[in-house]
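Analysis of the macromolecular model
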Amino acid sequence: MSRFTTLGVGGEAEVWTVASHAQLREAMSAPYRILGGGSNLVVADEGLSERVIRLGGEFAQSELEADPALGTPEQPVTGWVGGGVPLPGLLRKLQKMGLSSLEGTVGIPAQLGGAIWMNAGTRFGEAFDGLHSLEIVSPEGRLVVTPTELPWSYRSSGIPRNHIVTRARLKLRRSTPEAVQERMDAADTARRGQPKNRTPGCAFKNPTLPGGERLGAGKLIDEAGLKGARIGHAMISPEHANFIVNLGGASAADVHALLSLIRDRVGIELELEYELWP
Ligand code: FAD
Ligand code: EPU
């Protein structure tokens, strides 16, 4: 799994890349996990017993047309994008077409399906801002839902685990390539202090106090004096304390140990943003 995750950690697993709904149904006939861009995962060194499903084929394609009528009130959306489509490439394509939708998620190395499942985002926008509807496949069958039917919130879609986002229809607004690029640049500026090393992004969600105030997990970890703390080949980034980075050859056990250290030292309860598999 180290090959399939941005952290570059994880033992053996049986990976099934599915190209069609028929193959997906077959893959779902035994215990499984659904893999996106692997950008929020810490996979155990021992590997996984369940099969891992990756979306390829029709799920990695998009049907976006450069239709001049797009984005008008009469025709606000068109086209579907597969859940297995990498978000960075999708954003580049939309920018070139002058279509505004998901600029706030710039810099997130997810697949569209994974970004939706987590409702990935930044303070400039999140996946659900740009969604019109989505297709979900579960062991019970296939359905299409709209965001209003889901209890989505910060970093959560409310979609049950192992329900697979196979396609999404985006809300697209007609804009210009220049204006879309400007919004992407603004969102990207906020990421300047983030490390370039191998990592699964922020370790913890930003906690909300009972009064509603949101604190920065990175700031709290930094204030606990943990920047640069190292266990094995994993380190709390000196650039941004909510990022644990792989210095080369890190194990999942190294990362787990750093997560425990953070929880011991930060005086406030932190909820993990990553997923630990298994
Ligand atoms: P994975 O990591 O592969 O999987 C994560 C979860 O999503 C798993 O439960 C998986 O089963 C599920 N999943 C994946 N695909 C599907 C699907 N098609 N259908 C249903 N479930 C699915 N996150 C942010 O929110 N904001 C950021 O600014 C941000 N910055 C990041 C920067 C870096 C450098 C990195 C490495 C990560 C960053 N992340 C950020 C974290 C991560 O990109 C997000 O959590 C993203 O949503 C994970 O998507 P993924 O496709 O990589 O999913
Ligand atoms: N800060 C510190 N020390 C640190 C890190 C941050 O003092 O080590 C301070 C900064 O100086 C700033 C404040 O904390 O004043 C907020 O920092 P930043 O702008 O980096 O935002 P964040 O809340 O730490 C969030 C998301 C990121 C997203 C950025 C940019 C969460 C958990 N993190 O970080 O998302 O990229 O905003 O919008 O919500 C992710 O979820 O994986 C992720 C990377």
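Small disclaimer: the values here were computed from a predicted structure and weren't measured.

Take the sheet that holds strand β11 (residues 164-170) next. Overall, antiparallel pairing links the four strands, which are arranged β5-β11-β9-β10 in an open sheet. What marks the edges here is a single partner per strand, and that holds for β5 (80-82) and β10 (141-145). Adjacent strand axes in the sheet meet at a mean angle of 20 degrees when their direction is disregarded. Sheet analysis places strand β9 (residues 131-138) next to β11, joined by six bridges and oriented antiparallel. Among the inter-strand pairings, glutamate 135 is bridged to a residue of β11, identified as arginine 167.

What the three strands build is an open sheet, ordered β1-β4-β2; its pairing is parallel. Strands at the two margins of the open sheet, each flanked by one partner only, are β1 (15-18) and β2 (32-35). Averaged over neighbouring strand pairs, the angle between their axes works out to 30 degrees when direction is ignored. Both β2 and strand β4 (residues 51-55) contribute to a ladder of four bridges, which runs parallel. Along β4, the bridge assignment pairs isoleucine 34 with isoleucine 53.

Right, let's talk about the site of ligand 2 for a bit. Taken together, 19 residues surround ligand 2, and among them Tyr154, Cys202, Asn206, Asp222 and Glu273 come closest. With respect to ligand 2, the side chain of glutamine 194 contributes an N or O atom lying 2.9 Å from an oxygen atom. Taking glutamate 273, its side chain carries an N or O atom lying 2.7 Å from an oxygen atom of ligand 2. For ligand 2, the protein covers 74% of the area, taking 820 Å² as the surface of the free molecule. Among the elements that line the shell around ligand 2, the one with the most residues is helix α5 (residues 217-223), at three residues. Both domain 2 (60-190) and domain 3 (217-277) contribute no fewer than three residues apiece to the shell around ligand 2.

Around ligand 1 lies a shell of 34 residues, among which Ile34, Gly36, Ser39, Gly121 and Arg191 are the nearest. Here an oxygen atom of ligand 1 and a side-chain polar atom of arginine 155 are 3.0 Å apart. Relative to its unbound accessible surface of 970 Å², ligand 1 loses 95% to contact with the protein. Every element with two or more residues in the shell around ligand 1 is listed here: β2, α3 (112-118), β7 (121-122), β11 and β16 (275-277). Per-element tally for the shell around ligand 1: the top contributor is α3, with five residues. Partitioning the shell around ligand 1 into residue classes produces 15 nonpolar, 14 polar and five charged.

Let us now look at the domain arrangement of the protein. Accessible area lost on assembly of the parts is the figure often given for the size of an interface. When cut into domains, the protein gives domain 1 (2-58), domain 2 (60-190) and domain 3 (217-277). Using C-alpha coordinates to define each centre, domain 1 is positioned 25 Å away from domain 3. In this assembly, domain 1 packs against domain 3 so that about 1,200 Å² is buried in total across both faces, 63% of it on carbon and sulfur atoms. Area buried by domain 1 at its contact with domain 3 is led by Leu7, Asn40 and Val42, which between them contribute 48% of it. Counting across the domain 1 and domain 3 interface gives zero salt bridges. Between domain 1 and domain 3 we count eight residue pairs in polar contact (both at pLDDT 80 or more) in total. Within the residue set of the side of domain 1 that touches domain 3, elements represented by two or more residues are β2 and β3 (41-43).

It is worth spelling out the layout of surface pockets at this point. The calculated volume of the second largest pocket comes to roughly 160 Å³. If you go around the second largest pocket, you meet 14 residues; those closest to its centre are Trp117, Met118, Arg155, Lys205 and Glu275. Those elements that provide at least two residues to the lining of the second largest pocket are α3 and β16. In the lining of the second largest pocket, the residues fall into six nonpolar, three polar and five charged. Both domain 2 (60-190) and domain 3 (217-277) contribute no fewer than three residues apiece to the lining of the second largest pocket.

Another aspect to go through is helix α4 (residues 177-189). Every α-helix winds through 3.6 residues per turn, so residues three or four apart in the chain are directed the same way. With 13 residues, α4 should cover 18 Å at 1.5 Å per step; its first-to-last C-alpha distance of 18 Å lies within 8% of that length. For α4, every residue scored as buried is listed here: Val180, Met184 and Ala187. All buried residues of α4 project into a common sector of 60 degrees when viewed along the axis, lining one side. Relative to its buried face, α4 has exposed residues pointing more than 90 degrees away, namely Glu178 and Glu182. On its buried face, α4 is in contact with α2 (87-97) and β6 (99-100).

About the criteria used
Residues numbered from 1 in each chain as written. Chains lettered and ligands numbered in written order. Predicted model: local features only at pLDDT ≥ 70, side-chain atom pairs only at ≥ 80, totals over all residues. Heavy atoms only, no water. Pairing = 2+ DSSP bridges. Helix = DSSP H or I, 4+ residues; strand = E, 2+ residues; numbered from the N terminus. Axes fitted to C-alpha atoms, helices over the stretch in contact; angles between N-to-C directions. Near = heavy atom within 4 Å. Polar contact = N/O pair within 3.5 Å; in protein donor to acceptor, adjacent residues only side chain to side chain. Areas by Shrake-Rupley, 256 points an atom, 1.4 Å probe, with all protein chains shown as cover. Domains from an automatic or database assignment. Nonpolar A, V, L, I, M, F, W, Y, C, P; charged D, E, K, R; others polar. Buried area = accessible area lost by both parts, 1.4 Å probe. Salt bridge = Lys/Arg side-chain N within 4 Å of Asp/Glu carboxyl O. 1 Å grid on protein atoms, 1.4 Å probe; cavity = no way out; pocket = protein on both sides within 12 Å on 5 of 7 lines; lining within 4 Å. Points joined across faces, edges and corners; volume = space filled by probe spheres on them. Expected span 1.5 Å × (residues − 1). Buried < 20%, exposed > 50% of the residue type's maximum accessible area, 1.4 Å probe, protein only. Arc of directions from axis to C-beta. Contact = heavy atoms within 4.5 Å.

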